[in-house]
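Survey of secondary and tertiary structure
Here is how the chains run, residue by residue.
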Amino acid sequence: MTTYGSFPGSRPRRLRTTPALRGMVAETRLHPSDLILPAFVREGITEPVPIKAMPGVVQHTRDTLRKAAVEARAAGVSGIMLFGVPDDAKKDAAGTAGTDPDGILQVAIRDVRAEVGDDLVIMSDLCLDEYTDHGHCGVLDADGRVDNDATLERYAEMAQVQADAGVHVVGPSGMMDGQVGVIRDALDTIGKEDVAILAYTAKYSSAFYGPFREAIGSSLRGDRKTYQQDPANVRESLRELALDLEEGADMVMVKPAGPYLDVLAKIADAVDVPVAAYQISGEYAMVEAAAEKGWLDRDKAIMETLTGIRRAGAKMILTYWATEVAHKL
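Described in the following lines is the structure provided in the data block.

What counts as what
Residues numbered from 1 in each chain as written. Predicted model: local features only at pLDDT ≥ 70, side-chain atom pairs only at ≥ 80, totals over all residues. Heavy atoms only, no water. 1 Å grid on protein atoms, 1.4 Å probe; cavity = no way out; pocket = protein on both sides within 12 Å on 5 of 7 lines; lining within 4 Å. Points joined across faces, edges and corners; volume = space filled by probe spheres on them. Buried < 20%, exposed > 50% of the residue type's maximum accessible area, 1.4 Å probe, protein only. Helix = DSSP H or I, 4+ residues; strand = E, 2+ residues; numbered from the N terminus. Contact = heavy atoms within 4.5 Å. Salt bridge = Lys/Arg side-chain N within 4 Å of Asp/Glu carboxyl O. Patch = residues over 30% accessible without salt bridge, like charges linked within 9 Å, V, L, I, M, F, W, Y side chains within 5 Å. Areas by Shrake-Rupley, 256 points an atom, 1.4 Å probe, with all protein chains shown as cover. Lys, Arg positive; Asp, Glu negative; His and termini not counted. Charge placed at Lys NZ, Arg CZ, Asp CG, Glu CD. Pairing = 2+ DSSP bridges.

Within this structure, the stated rule accounts for one cavity of 30 Å³ or more. Roughly 100 Å³ of internal volume is contained in the largest cavity. The wall of the largest cavity is formed by Phe83, Asp125, Asp129, Ser173, Lys203, Tyr209, Phe212, Arg213, Arg224, Gln228 and Lys255.

Right under this line is the structure:
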């Protein structure tokens, strides 16, 4: 090619010539403290139970959960999000195991708090779906629909027992209207003003939740389209965001992460509170399955997906690879 004078004068490739130079000018960096580890603890087991759809992830015993928390803390992970998996016999229409002070999640919170204290942020899923025999995130009315306001009463009880167990942050994930305000009032009423709320602000009705159903032993009948968001909508997320902030959310979240990076970016640009994103079970499973087939480089794919989520505006990322990635970072 014939060149004229200094053409081209602008050469962006100059800043890509060596790994050191690329690292120097990198606009987005991952740090272990950006990561939160979701973890499942199952009642009544003596050995961890592998989750077939999520290779490398297990339903923990109480003892192995403690060890996982210690390992996450040592790796520099900032938090752990706990999900309880009760015995099937304890599930009922109202999800009463979720508000039992001796229920599996509350016991697990106490276990982890005793093990790591304040060195790891202990977060809890505040939802009924693990505990109901119908698998929905709330109680049902006479017509079989989720009753929003009756469910809020149950969420208030859940928030209080989780706070009493020692949780630092509750994560209401049921997408009930008014849930953040009711939970804030419930916590403040019992003197738990310091317990923070991570609002699942934009939680979409997604096909990517599939493996999670196995992870929590879901009893779901039907779907959650009447309360989780329609994947076609964006402005709806901004309305949910405004309501959550008005009701007292301390942090907000987008879930799933990868398919909704545009929503994540809009929310991150709109707020001055910390923003989280949840890289969910289906996102994890796709990479693991493709890597097992030899179709992509597993480690590079993991880092690329997490960097993309961070670049879109997430300060915190819930990912099942949290501890592994933190060690590498």
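So, next bit.
Of the residues making up helix α5 (residues 179-189), those classed as buried are Gln179, Val180, Gly181, Ile183, Arg184, Ala186 and Leu187. Residues of α5 that are buried make contact with β5 (121-126), α4 (148-165), β6 (169-172), β7 (196-203) and α7 (235-247). Glycine 191 occupies a position one or two residues after α5 and carries a positive phi of about 75°.

Under the definition given, this model contains 18 salt bridges. Ionic pairing is found between lysine 315 and aspartate 34, a salt bridge with its closest N-O pair at 3.0 Å. Of this pair, lysine 315 sits in the loop between α10 (298-311) and β10 (316-318) while aspartate 34 sits in the loop between α1 (19-24) and β1 (35-42); the two residues are 281 residues apart in sequence, bridging distant segments of the chain. For aspartate 111, the salt bridge is made with arginine 62, and the minimal N-O distance between the two is 2.6 Å.

Attention now moves to the environment of serine 218. Positionally, serine 218 belongs in the loop between α6 (210-215) and α7. According to the relative accessible area criterion, serine 218 is partly exposed, its value standing at 23%. With 141 residues separating them along the chain, serine 218 and valine 77 place their C-alpha atoms 28 Å apart. Once residues lying within four places of it in the same chain are set aside, the contact partners of serine 218 are Lys91, Arg213 and Arg224.

So, about a positive patch on the surface. Together, Arg11, Arg13, Arg14 and Arg16 give the surface a local cluster of positive charge. By secondary structure assignment, the location of arginine 13 is in the segment before α1. Take arginine 13: its relative accessible area is 67%, and that puts it in the exposed class.

Extensive coverage of β1 is indicated by the burial of seven of its eight residues. By the bridge criterion, two bridges tie β1 to β10 in an arrangement that is parallel. Bridge assignment links isoleucine 36 to a residue of β10, and that residue is leucine 318. As judged from the seven bridges shared by β1 and strand β4 (residues 79-85), these two strands associate in the parallel manner. Paired with valine 41 across the two strands is glycine 84, which belongs to β4.

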